[in-house]
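# Notes for the structure review
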Number of protein chains: 2
Amino acid sequence: MDLHELVNSPGQWLCGDGPESGIVISTRIRLARNIAGYPFLKRMTGDQRVDLQARVRKAVDESAALKSIACLNLETASHMDRQFLVERHLISRELAAGEGSRAVVFSRSEAESIMVNEEDHLRMQVLRSGLQLLPAWQQASLLDDQLEPRLDFAYSSRLGFLTACPTNVGTGLRASVMMHLPALVITRQIEKVFQAIGRMRLAVRGLYGEGTQASGDFYQISNQVTLGKTEDEILETLTLTIPRIIDYERKARETLARESEVFLEDRIWRALGILRHARQISSEETMALLSAVRMGVNVGRIRGLDVATVNHLFIGSQPGHLQIRHGRELSQADRDAARADFIRQTLQAAPLN
Amino acid sequence: MDLHELVNSPGQWLCGDGPESGIVISTRIRLARNIAGYPFLKRMTGDQRVDLQARVRKAVDESAALKSIACLNLETASHMDRQFLVERHLISRELAAGEGSRAVVFSRSEAESIMVNEEDHLRMQVLRSGLQLLPAWQQASLLDDQLEPRLDFAYSSRLGFLTACPTNVGTGLRASVMMHLPALVITRQIEKVFQAIGRMRLAVRGLYGEGTQASGDFYQISNQVTLGKTEDEILETLTLTIPRIIDYERKARETLARESEVFLEDRIWRALGILRHARQISSEETMALLSAVRMGVNVGRIRGLDVATVNHLFIGSQPGHLQIRHGRELSQADRDAARADFIRQTLQAAPLN
């Protein structure tokens, strides 16, 4: 498929219409599965990988688990296309950087995707806008149920689903919630929140998963434990914890508005001012400024700009998106200029107050 | 007089209509004079100061040297008013901070002013927009001629005009040109230019004279020597040197536009973006940003904004101006907010492209 079709709008999960969208970007459920009769990825031959990929594709087609799908062979995809898919959270950085036969299958809404031959044979993912742990889990579970009879997942009655890495054994489930916590960062309460999250045995990661830096005040909060707990128990920990973090962030925003009104307004409007005027801008600065603007929209300080547009700016200003839009690889200087142009043009279309 | 009448527009010399206004803000001629029969200021009694002040006032009135004048007794003026007059370059920081009977007389256009009982009995000043060394000198000389018969200036046939400080003896003349040299600063050529200026025995000072830091890329270039040279010789050195500096700055701007177009545009537009959006801003940041905007207007990158408005922003955003406008002393936080408001409102009125 031509990725150009996707570049001009964010996936459904970034439309900003889900519950708690002011603070929760998205909810993600990921299931790790392997197919019985094949070795784990590291020991597979090239032929086995190709064969497995074909089986998955066939199972997806037959089950109608994903509607209106796109399938991309990452072995032949360009560096630019792979980067683009990472930015859209359709594939992991590991799958993008990997070698050999590997693929991604995803629905056009980008709400469901299946990575094939990543660390495990299958990594199924469901993404939803805002805080939707249960609906996302139900969708992932349905996908699992539809594929399972056709693929014969490796399962041990003692351990549960078998995975390449022991940290995923059992449920193979990782539930994660992407949160936007600028006020907790500004008021320096974020570390305290992280400590509390750690005590719940939840993990905090950056925007693009394990080992990535938090940027733009975005944090992924997810379960660490997959073994010895049921799926419901894993989800429950998050279901109890996330609303408390939302509450902390909301209170921090209220405190800022009450006690540091000019500071808050200044931070928000300067960020918008720079984004509306800059002629070159780095990815890092863009994230920081968009974070302030997103908060400004959500606390009602900036009117005429919706969360969907801000989300579109976040994703659309990333290197892969810029390059897909320009149809070629760009140097860093060219990306910085292209990014500033994209942001300026997108904001010019918004009827800002 | 009520300084409120002045606060909403800059003086004539800041209208930006003089020759070379893109690079030269203004030309200033200052003559130091003392009146025979009185000791120098440091040895004067309070009564002598009051008496001398009255004599100067009378001489000014009778000679009609200044039309439509305002006279301010600085001993009774508020701190706020004195700060305002310093910002408008009508009085020196020394006169503002001094003690005892002292005054300033100035024309409503603010083009001519006389400080009384500063370091010398009289400091006459003529300010002109852009590069106007000869016209400014002629005007100052006329003022001198008109007052001299009425005030009997202390003069030695051997030394020339006698002044409190030996550095001013002789002509008592200081000619200075205020230049805006952002491109020489950006391209790091400014030190080289200063060295050349030093070799011409010219001095470089900041925006508010001796001992002040250069801010907003503004530099006052003036003669150091007052003795052993005629007025014409002093002016000639500047008349020869300033156009060369203008030329350097212009070439640096062209180089930037040619070799660093995106950088230049980004710097200019970001500065404008922040000024249009900030809710609190320091004096220092304002100067730096307005410097970029002023260059942007002068190199034709920002349209719909004229130099007079930019100059008005420079002077109107200073603490004394903000406080006069608000009718009271403001805390630093309040000034930073008031400054941002003033700038935003002034820029909103400009039909920017």
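The structure displayed is predicted, hence computed values, not measured ones.

### Remarks on the overall build of chain A
Helix and strand counts for chain A stand at 13 helices and 10 strands. For chain A, whose C-alpha radius of gyration is 21 Å, the value lies close to the compact-globule estimate of 20 Å for 353 residues. Taking the principal axes of its C-alpha atoms as reference, chain A extends roughly 65 × 45 × 30 Å. Here chain A holds 353 residues, and the buried ones make up 58% of them. Within chain A, contacts between residues separated by at least 24 positions form 71% of all contacts whose residues are at least 6 apart in sequence. Carbon and sulfur atoms make up 48% of the accessible area of chain A, which totals about 14,800 Å². Each charge sign in chain A was given a centre, from 43 positive and 43 negative side chains, and these centres are 3 Å apart.

### Description of the interface of chain A and chain B
It is common to give the size of an interface as the accessible area that goes away when the parts come together. With 17 residues of chain A in contact, the opposing surface of chain B contributes 17 residues. Here chain A and chain B share an interface that buries about 1,500 Å² over both sides, 56% of which is from carbon and sulfur atoms. Per-residue buried area on chain A facing chain B is highest for Arg270(A), His277(A) and Arg279(A); these three make up 42% of the total on that side. Taken together, the links from chain A to chain B amount to four salt bridges. Salt-bridge contacts for Arg279(B) lead to Glu265(A); the nearest nitrogen and oxygen are separated by 3.8 Å. Here the element with the most residues in the side of chain A that touches chain B is helix α9 (residues 261–277) of chain A; it accounts for 11 residues. A class-by-class count of the residues in the side of chain A that touches chain B yields eight nonpolar, three polar and six charged.

### Observations regarding the confidence of the model for chain A
All names here are of chain A. Model confidence for chain A is summarised by a mean pLDDT of 92, while 97% of its residues fall at 70 or above. Predicted confidence in chain A is weakest over helix α1 (residues 4–7), with a mean pLDDT of 82, and strongest over α9, with 97. Complex prediction metrics read pTM 0.91 and ipTM 0.88.

### Focus on the domain arrangement of chain A
All names here are of chain A. Parsing chain A into structural domains produces domain 1 (4–253) and domain 2 (260–348). One C-alpha centre belongs to domain 1, the other to domain 2, and the line joining them spans 26 Å. On the domain 2 side, the residues contacting the 30 residues of domain 1 number 25 residues. Here domain 1 meets domain 2 over a buried area of about 2,400 Å², counting both sides, of which 64% is carbon and sulfur. Put simply, domain 1 and domain 2 have zero salt bridges between them. Our enumeration of links across domain 1 and domain 2 arrives at 11 residue pairs in polar contact (both at pLDDT 80 or more). When residues in the side of domain 1 that touches domain 2 are grouped by element, the largest group, six residues, is from helix α3 (residues 79–87).

### Here's the deal with the sheet that holds strand β2 (residues 69–73) of chain A
Residue and element names in this part refer to chain A. If you trace the eight strands from one edge of the open sheet to the other, you get β2-β3-β4-β5-β1-β8-β10-β9, paired in antiparallel fashion. Lying at the two open borders of the sheet, with one neighbouring strand each, are β2 and β9 (202–205). Averaged over all pairs of adjacent strands, the angle between strand axes in this sheet comes to 20°, irrespective of strand direction. Where strand β8 (residues 173–180) and strand β10 (residues 218–223) come together, five bridges link them in antiparallel fashion.

What counts and what doesn't
Residues numbered from 1 in each chain as written. Chains lettered and ligands numbered in written order. Predicted model: local features only at pLDDT ≥ 70, side-chain atom pairs only at ≥ 80, totals over all residues. Heavy atoms only, no water. Helix = DSSP H or I, 4+ residues; strand = E, 2+ residues; numbered from the N terminus. Rg over C-alpha atoms; globule rule 2.2 N^0.38 Å. Buried < 20%, exposed > 50% of the residue type's maximum accessible area, 1.4 Å probe, protein only. Contact = heavy atoms within 4.5 Å. Areas by Shrake-Rupley, 256 points an atom, 1.4 Å probe, with all protein chains shown as cover. Lys, Arg positive; Asp, Glu negative; His and termini not counted. Charge placed at Lys NZ, Arg CZ, Asp CG, Glu CD. Buried area = accessible area lost by both parts, 1.4 Å probe. Salt bridge = Lys/Arg side-chain N within 4 Å of Asp/Glu carboxyl O. Nonpolar A, V, L, I, M, F, W, Y, C, P; charged D, E, K, R; others polar. pLDDT = per-residue confidence, 0-100. Domains from an automatic or database assignment. Polar contact = N/O pair within 3.5 Å; in protein donor to acceptor, adjacent residues only side chain to side chain. Pairing = 2+ DSSP bridges. Axes fitted to C-alpha atoms, helices over the stretch in contact; angles between N-to-C directions.

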